[in-house]
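A closer look at the structure
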Amino acid sequence: MIRTFGRSALGVVSELGEISLFGLAALRGFFVQRRRVSKLTVAVHEIGVRCFPIVATVGLFTGLVMGLQLYYTLVKFGAESALGTAVALSLIRELGPVLTALMVVGQAGSAMASELGIQRNDEQIDALQTMSVDPKGYLVGPRLLAAVFCFPLLTAIFDLIGIFGGYLTGSVLLNVDAGVYWNRVYESVSWEDVRGGFIKALVFGLLTISICAYRGFNTHRKASFPGVRGVSESATRAVVWSSVTVLAADYLITSFLL
Amino acid sequence: MDTFLKIRGLKKHFGETRVLDGVDLEVARASVTTIIGKSGIGKSVLLKCIANLLTPDAGEIELAGKSIARSRRGSKAQDGVSFSYMFQNNALFDSLTAFENIALPLLEASHLKKAEIRDKVEAMLKHLELQDSATRYPGELSGGMKKRVALARALITNPQVVLFDEPTTGLDPERKFSVFEMIADYRERFGFTALLVSHDIPEVFEISDRVAWLDGGVIKFFGKPSELDADVESALSGFLSKANYGRSKQLNTEGNGI
């Protein structure tokens, strides 16, 4: 049993190493590509614009629920005036980066893994190689760079909408004074909190997009089945691995930041 | 003979299956060599080894005197020799139009200006009677049209070596003939060296300078198409008769066909 566990652990570490090298090669490959701006624009649209509605919606409902839950907890201690602090800090430090990353993985990451898997099976990736075009730089590089821009931006949007959601339930529905709510938000959030949230968003972006792209790109090597089932397996594993990695990385980064 | 492509002792296995078991082949500059053989015998594997998409287990491949078999997979080992690959399943990019698919190698790996690229692609579209399909996506094209788009993409860079993997599969006899004519015409105009895998026997012999019969992992016959009639192994005769070679030849002679 210990041997099996050890072998699995080594496998995970080895795969993380492969994913890191894959991501680095893709970023390096991107900078020798032609038409970089147009490729980056397409990738920003894929990751940023298309994920905006789901991130905004989830942000709003998270804020609404947090406003409710935290209000009824704080009111027991007569501390409902601290609602703004509790909502803002929870969102900016933890929930914003984590939930945004999970939403983007669900929307863009799974699509990316499937698309790359199909391109692998259909020999489109081989076709790029025969044209002397670096497939990693062409297909994965722009998406990784887009993640660097989009994840922090989407996280910021999630945080803002979430804080507004907290205001809706806390102040509009449950009568916490609006001035107190916003004043607490303003006073309690420091630059360190925002910076920590952005660092997390950046790391999650690079990790999740690398994992999803790696899974799709290597469908022919990593999936247990060929063809469509292999693509579906790659997409599923991409989402599962990315989600677990986000949560594990969140713990590690938080322990360094605190 | 001015040898342009030389293969010595090429071996490739997948698991327990030995697909190539010591292939030796010499292809003359600006010639058309057709590889024939049963389905699944390793013809496409041979082409992929030459294109550096698969790494051989043993053996040497020399292109214009430079070894490519030992170089890194997917690297620009063919530097100095431009080559194209026409894939069996076309490998067209679903998200690009026919025009964009054909222009892709020029946009990504040439120093031509946009206007020059547009002119070249338009000329190619006209030559292949694809003008009306320029703005259509591969999903909107018929099988024959897709083949012609793939052929156009393979020839647009005026490569020195073109590897054709079953370029006429799925085409009607008229289109099949026009594709063979086009390969012969382009070879005449641009002087590329072509290596062709085809099951269209005997039509393909009309444009072939040499025929290589791959069987049991080795080249068992290599010579001019006219030499197929005499001094051939009985196994090759059997293969050719199953491919309707004798009957088709007789019909062609009587009907003055291809």
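Residues numbered from 1 in each chain as written. Chains lettered and ligands numbered in written order. Predicted model: local features only at pLDDT ≥ 70, side-chain atom pairs only at ≥ 80, totals over all residues.

Helix and strand content of chain A: ten helices and zero strands. Element order for chain A, N to C, with α for helix and β for strand: α-α-α-α-α-α-α-α-α-α. Overall, the C-alpha framework of chain A stretches about 65 × 50 × 30 Å when taken along its three principal axes. Sorting the 258 residues of chain A into buried and exposed places 46% on the buried side. Counting contacts in chain A only where the partners sit at least 6 residues apart, residues at least 24 apart contribute 86% of the total. (Helix = DSSP H or I, 4+ residues; strand = E, 2+ residues; numbered from the N terminus. Buried ≥ 20, exposed ≤ 12 C-beta atoms within 10 Å, placed from the backbone. Contact = placed C-beta atoms within 7 Å.)

Further remarks concern the domain arrangement of chain B. Residues and elements named next belong to chain B. As far as domains go, chain B holds domain 1 (3-82 + 161-255) and domain 2 (96-157). On the side of domain 2, seven residues touch domain 1, which itself brings ten residues to the contact. If you tally residues by element for the side of domain 1 that touches domain 2, the top one is helix 5 (residues 173-190), at four residues. Broken down by class, the residue content of the side of domain 1 that touches domain 2 amounts to six nonpolar, two polar and two charged. (Domains from an automatic or database assignment. Nonpolar A, V, L, I, M, F, W, Y, C, P; charged D, E, K, R; others polar.)

All names here are of chain B. At their nearest, the axes of helix 2 (residues 98-109) and helix 4 (residues 143-155) sit 7 Å apart, and the two run at 25° to each other. For the element pair helix 2 / helix 4, the angle class is roughly parallel. Crossing geometry of helix 2 relative to helix 4 is assigned as right-handed. Residue-level inspection shows Ala98, Asn101, Ile102, Leu104 and Pro105 of helix 2 in contact with helix 4, the latter providing Val149, Ala152 and Arg153. Partitioning the contact of helix 2 with helix 4 into residue classes produces six nonpolar, one polar and one charged. (Axes fitted to C-alpha atoms, helices over the stretch in contact; angles between N-to-C directions. Parallel < 35°, antiparallel > 145°, perpendicular 65-115°, else oblique. Left-handed = near helix turned anticlockwise from the far one by under 90°.)

It is worth spelling out the interface of chain B and chain A at this point. With 15 residues of chain B at the contact, the number on the chain A side is twelve residues. Looking at the side of chain B that touches chain A, the elements with two or more residues in it are strand 6 (83-86) and helix 2 of chain B. Grouping the amino acids of the side of chain B that touches chain A by side-chain chemistry returns ten nonpolar, three polar and two charged.

All names here are of chain A. Where helix 7 (residues 178-188) is concerned, the buried positions are Tyr181, Arg184 and Val185. Within helix 7, the buried residues cover an arc of 100° as seen down the axis, which keeps them to one side. In helix 7, those exposed residues whose orientation departs by more than 90 degrees from the buried face are Gly179, Tyr186 and Glu187. Lining the buried residues of helix 7 we find helix 4 (83-121) and helix 6 (135-173). (Arc of directions from axis to C-beta.)

This brings us to the sheet that holds strand 7 (residues 161-165) of chain B. Residue and element names in this part refer to chain B. Here we have six strands laid out as an open sheet, ordered 6-7-8-3-9-10, and mixed in their pairing. On the outer flanks of this sheet lie strand 6 and strand 10 (218-223), each paired with one strand and no other. The mean angle between the axes of side-by-side strands here comes to 15°, regardless of whether they run parallel or antiparallel. Examined bridge by bridge, strand 3 (residues 32-36) and strand 8 (residues 193-197) share four bridges and lie parallel to one another. Along strand 8, the bridge assignment pairs threonine 34 with leucine 196. Helix-sheet contacts for helix 1 (residues 43-50) involve strand 3, strand 7, strand 8 and strand 9 (210-215), and the interaxial angle to strand 8 is about 150°. Where helix 4 meets the sheet, it contacts strand 6 and strand 7, and its direction lies at approximately 170° from that of strand 6. (Pairing = 2+ DSSP bridges.)

Another aspect to go through is the pairing of strand 10 of chain B. All names here are of chain B. Relative to strand 10, strand 9 runs antiparallel, the two sharing five bridges. Counted as the bridge partner of aspartate 215 is valine 218 from strand 10. What sits between strand 9 and strand 10 in their antiparallel hairpin is a turn of two residues, with glycine 216 showing a positive phi close to 60°.

Spatially, the four strands line up as an open sheet ordered 2-1-4-5 (chain B), and their pairing is antiparallel. Both outer strands of the open sheet, strand 2 (17-28) and strand 5 (66-67) of chain B, are each paired with one neighbouring strand and no more.

In this fold, Val149(B) is placed in helix 4. Those residues in contact with Val149(B) that sit more than four places away from it in its chain are Leu92(B), Ala98(B), Asn101(B), Ile102(B), Leu130(B) and Leu141(B).

All names here are of chain B. Relative to strand 2, strand 1 (residues 3-14) is paired through nine bridges, and the arrangement is antiparallel. When the sheet's bridge partners are listed, lysine 11 is paired in strand 2 with aspartate 21. Where strand 1 folds back on strand 2, the antiparallel hairpin that results is connected by two residues, among which glycine 15 adopts a positive phi of roughly 65°.

Further remarks concern the nonpolar core. Formed by 137 residues in total, the largest nonpolar core has its most connected members in Ala152(B), Val162(B) and Leu163(B). Of the residues forming this core, the biggest block, 16 residues, is contributed by helix 4 of chain A. Looking at this core, you find at least three residues from each of domain 1 (3-82 + 161-255) and domain 2 (96-157) of chain B. Contacts of Ala152(B), omitting those with residues within four sequence positions, involve Ile102(B), Met124(B), Leu125(B), Leu128(B) and Leu130(B). (Core = buried A, V, L, I, M, F, W, Y, C linked by C-beta atoms within 7 Å.)

The next point concerns unusual backbone geometry. For residues that are not glycine, phi is negative in most cases, and the peptide bond is trans in most cases. Here the residue pair Ile201(B) and Pro202(B) is connected by a cis peptide bond, since its omega of 10° sits within 30 degrees of zero. Positionally, Pro202(B) belongs in the loop between strand 8 and strand 9. Here Asn175(A), not a glycine, exhibits a phi torsion of approximately 65°, which is positive. When you line up the elements, Asn175(A) lands in the loop between helix 6 and helix 7.

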